[in-house]
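Geometric and topological summary
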Amino acid sequence: PPPPPRRYEVVFAASVKEETVKLRDVKAKHIGHMVVLKAIVTRVNDVRPMMQVATYTCEECGFEIYQEVSSSDFTPLEQCPSKQCEKNARKGQLYLQTRGSKFLKFQEVKVQELAEEVPVGSIPRLLNVQLKGELTRTITPGDVVDITGIFLPIQYQGFRAMKAGLVANVYLEALGVKQHKEKYADIGGTQTEEMKAKIREWAQDGDIYTKLARSLAPEIFGHEDVKKAIILLLIGGVGRTLPDGMKLRGDMHLCLVGDPGVAKSQLLKYVTKLAPRAVYTTGRGSSGVGLTASVMRDPVTSDMVLEGGALVLADMGVCCIDEFDKMEETDRTAIHEVMEQQTVSIAKAGITTTLNARTSVLAAANPAWGRYDTRKSPEANIAMPAALLSRFDLLWLILDRADDELDTALAQHVLHVHKHMTPPALDFSPMRSEDIRSYVAAARQKEPAVPEELAPYLATAYADMREEEADPDNHDKRGTYTTARTLLSILRMSQALARLRLAEEVAKSDVDEALRMMKMSKISLDDDKDKKRGIDKQSVIYNTLQQHMSTGDVKQLTIQRAKALASAKGITEDELQTCLEVYQDLHVWVLEPKGDNPEYITMIEHFYN
C-alpha cells in the first residue's frame, strides 16, 4: 500500500542577520511586514481549537459542504447549494458537523516591553501575539523571547467593524519563537560532545568548586563563600517523593543579611541574568498576591482566571527578592507555604486550586537599624519571625568592618573595573556564564544518595549544634534557630556538593563542607567579636585542639580529626597547616611522622593541661 500522507507546517523564518526591533519601534509602516521582536512574556492563555474548515451536512439530500475559515469570525452557511436540492426546489437546512471539521491549535499570548528599553517616565508597551499549530505551548510567563511574526491589524466584521471605525487594533501572528535562555533540561539535551568532554574535565579538577565561585560575578570583590552558597543554590539538592505521597523539597533558600554597600543587590541581579529561569522583585514593590497569584477577568472569555505572581513565574527557577526586610508582615506570610511545601493554595472568587511554585528563594535584607549592631543579639538585629528564618537553608550575615588591607584591595579592584571595564585578571581562566549554566545543568541531572554509614556522623553533628545553642553560657549562639530543618539543610547542601562533583553518592567531605558553610554564614560576626577580644585564627585553632584533647584525655590527635574540628570552626586547610607548623616551631606539639604528609599531632606534656 502507498505510504500515508504526512502533514507539514511551512512558515517563513527571519534571516540570522535580521536585527530585533524594539516593541516601541513597531509602527504603522511595519503592518503586513515580517518583524522580529524581543520581549518578555507576561501572560499565556489556554490553548483552544480554532476552526480552519467547517463541514456541513444537508438534512434533505445528505450532501457535505466545506467552508474555509480565514479569519477569527465567519458567517455559517444556511442553505444547501447542491444540484439535487436545486432540482427538487427544496432549501435544505445545513447542520455543522464538528467531527468532520478541521481545527487548529490556537493560543493567545501577551508580551511586554523589556524594562531596560522603557524610556524614562513611560510605562511598558504591551502586544498580543497569536500562536498557531506547533508553536503553542512553547513559551511560559516570564520567558524572554525573540518572536518572528507578521504585524497585522485585527479585522472586524459587521457591527463591530462599524463601531471600530478607522482605528484598528493590531497583533502579531507568530511564525517562530526563539528562547533567550534555555531551561536546564534543554541545555542537557543540546550539549555538544565537545562541551560534554569539557564538563567531564572540569569535574575531575579538584578545584572546580572554587573556580565556579570565583567565576561568578568576578566584578564583585571578595565574598567567595557567599558565591559558593549561590552555586549550591543554583544546583540544589535532590527532591524526594515518599511512597505515601509526602514530598521533601530539594530546592535551597538563601538569605543575605548585611550592612549597606556590600553588593547584595548586585549579586541578586547577576543571578537573575545567570539562571535560565529567574524573576527579580523588591520587597516594597511586591504585595502578597503579586508574589503568589491574583484573580483577574479574562478579556476574551470574560471568565475569572488566575494569573501567577513572581513565585509562580519562577517555578523550577530562582526568585530573587531584594529589600526583603521592607515587606509588610501580611505580605511576607504568603511566602511561608511556598518555601516549604512549594505550592500556592488559592481559594478566591469561586476558584479553589493549588499552583506549583518549585522555586529557590534568594533574598537580601538589611538589619533592623540599617547597620548591624554587634551589641544586640542576632534575633534583635534581623527582626524577622523565627518561622520564616528557619525556612532558609543559610542565613548569611555580611558585616562591613574597617580593615586596612581589605579596604585597600577593594578600592584597587573597584578602580580597576571602572578604568578597564573588566575585572582584574585571575590566576586561572574564568568560566563564562554559558559554561556555568552548562555545568550546573549537567550537575542537576545527578541524584546522589546518602550512604547509611554517614547517618551517625550527621546525627552527631546536628546534636552538637543543638547542644551548643542550648548552652546558657554561650551567649553568641542565641537566636540562631537550629531546628530539624537545619538537618535537612545540611543534607541538601551535601547533595548539592555531591552533584557538583558529578558523583552518585554523598561523601563525608561533602558533609564537612556543608557544616563549614553553616559556620561561615556567621563568621563575620565571630570575626568581629574575636578582633574585639584580640583573638586571631591561629589562637582559635590552638584552643580548639587543646580543648578537644583535654576533654577526651588524649595526647595524640589525627590530622583528619584536626581538619574536621577546624572545618567546623570555619578554618580552611591552609590556615590549619600554617598553625600546625607555627606551634611545632614553638615546641607546643610534634607532627609525626616527620615530612610533608604527617598523620598525627602529639601534644608535648608541658602544654597538655
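Residues numbered from 1 in each chain as written. Predicted model: local features only at pLDDT ≥ 70, side-chain atom pairs only at ≥ 80, totals over all residues. Heavy atoms only, no water.

**Some thoughts on the packing of aromatic side chains**
- Counted by the stated rule, this structure contains two aromatic pairs.
- When the centroid spacing of 6.4 Å and the interplanar angle of 55 degrees are considered together, the rings of Trp 202 and Tyr 439 count as tilted. Residue Trp 202 is found in helix H4 (residues 193–204), and its partner Tyr 439 is found in helix H15 (residues 433–444); the two are separated by 237 residues along the sequence.
- Of the residues examined, Trp 202 reaches a relative accessible area of 18% and is grouped as buried. (Phe/Tyr/Trp six-rings, centres within 6.5 Å; stacked < 30°, edge-to-face > 60°. Helix = DSSP H or I, 4+ residues; strand = E, 2+ residues; numbered from the N terminus. Buried < 20%, exposed > 50% of the residue type's maximum accessible area, 1.4 Å probe, protein only.)

**Quick word on a negative patch on the surface**
- On the surface, Asp 400, Asp 404, Glu 405 and Asp 407 cluster together to form a negatively charged patch.
- Tracing the chain through its elements places Asp 400 in the loop between strand S19 (394–398) and helix H14 (404–420). (Patch = residues over 30% accessible without salt bridge, like charges linked within 9 Å, V, L, I, M, F, W, Y side chains within 5 Å. Areas by Shrake-Rupley, 256 points an atom, 1.4 Å probe, with all protein chains shown as cover. Salt bridge = Lys/Arg side-chain N within 4 Å of Asp/Glu carboxyl O. Lys, Arg positive; Asp, Glu negative; His and termini not counted. Charge placed at Lys NZ, Arg CZ, Asp CG, Glu CD.)

**Some remarks on the sheet that holds strand S15 (residues 318–322)**
- If you trace the five strands from one edge of the open sheet to the other, you get S12-S15-S18-S11-S19, paired in parallel fashion. What marks the edges here is a single partner per strand, and that holds for strand S12 (278–282) and S19. Recorded for the sheet is a direction-independent mean angle of 15 degrees between the axes of neighbouring strands.
- Direction of pairing for strand S11 (residues 254–258) relative to S19: parallel, over a ladder of five bridges. If you follow Leu 254 over to S19, its bridge partner there is Leu 394.
- Strand contacts of helix H7 (residues 264–274): S11, S12, S15 and strand S18 (360–365), with the helix running at about 155 degrees to S15, the strand carrying the most contacts. (Pairing = 2+ DSSP bridges. Axes fitted to C-alpha atoms, helices over the stretch in contact; angles between N-to-C directions. Contact = heavy atoms within 4.5 Å.)

**Details of the packing of helix H6 (residues 224–235) against helix H17 (residues 484–500)**
- For the pair H6 and H17, interaxial distance at closest approach is 9 Å and the crossing angle is 85 degrees. Between H6 and H17, the angle is such that the two are roughly perpendicular. Residues Ile 231, Leu 232 and Ile 235 of H6 form the contact with H17, whose own contacting residues are Met 493, Ala 496, Leu 497, Arg 499 and Leu 500.
- Taken together, the residues that form the contact of H6 with H17 break down as seven nonpolar, no polar and one charged. (Parallel < 35°, antiparallel > 145°, perpendicular 65-115°, else oblique. Nonpolar A, V, L, I, M, F, W, Y, C, P; charged D, E, K, R; others polar.)

**Details of the pattern of salt bridges**
- All chains considered together, the criterion is met by 17 salt bridges.
- Linking Arg 249 and Glu 340 is a salt bridge whose minimum nitrogen-to-oxygen distance equals 3.6 Å. Here Arg 249 is found in the loop between strand S10 (247–248) and S11, whereas its partner Glu 340 is found in helix H11 (residues 334–340), with 91 residues between them in sequence. An identical accessibility class is assigned to Arg 249 and Glu 340; each is buried.
- Measuring nitrogen to oxygen at the nearest pair gives 3.5 Å for the salt bridge that ties Arg 485 to Glu 340. Taken together, the residues Arg 485 in helix H17 and Glu 340 in helix H11 connect sequence positions 145 residues apart.
- Linked by salt bridges that have partners in common, Arg 249, Glu 340, Asp 393, Arg 485 and Arg 492 make up one network.

**Overview of H14**
- For H14, which comprises 17 residues, the first-to-last C-alpha distance of 24 Å matches the rise-based estimate of 24 Å (1.5 Å per residue) to within 8%.
- Downstream of H14 by a residue or two, Met 421 has a phi angle that is positive, lying close to 60 degrees. (Expected span 1.5 Å × (residues − 1).)

**Focus on the packing of H7 against H15**
- Direction vectors running N to C along H7 and H15 enclose 70 degrees, while the axes themselves pass 10 Å from each other. Relative to H15, the element H7 is oriented roughly perpendicular. Contacts between H7 and H15 pair Tyr 270, Lys 273 and Leu 274 from the former with Ser 433, Ile 436 and Arg 437 from the latter.

**Looking at the nonpolar core**
- In this structure, Leu 234, Leu 254 and Trp 396 are the most contacted members of the largest nonpolar core, which totals 59 residues.
- Counting residues per element, this core draws most heavily on H6, which supplies eight residues.
- Those residues in contact with Leu 234 that sit more than four places away from it in its chain are Tyr 184, Val 271, Leu 274, Ala 275, Val 318, Val 440 and Arg 444.
- Judged by nonpolar contacts, the second largest core, of 32 residues, contains Cys 255, Val 312, Met 327 and Leu 399. (Core = buried A, V, L, I, M, F, W, Y, C linked by side-chain atoms within 4.5 Å.)

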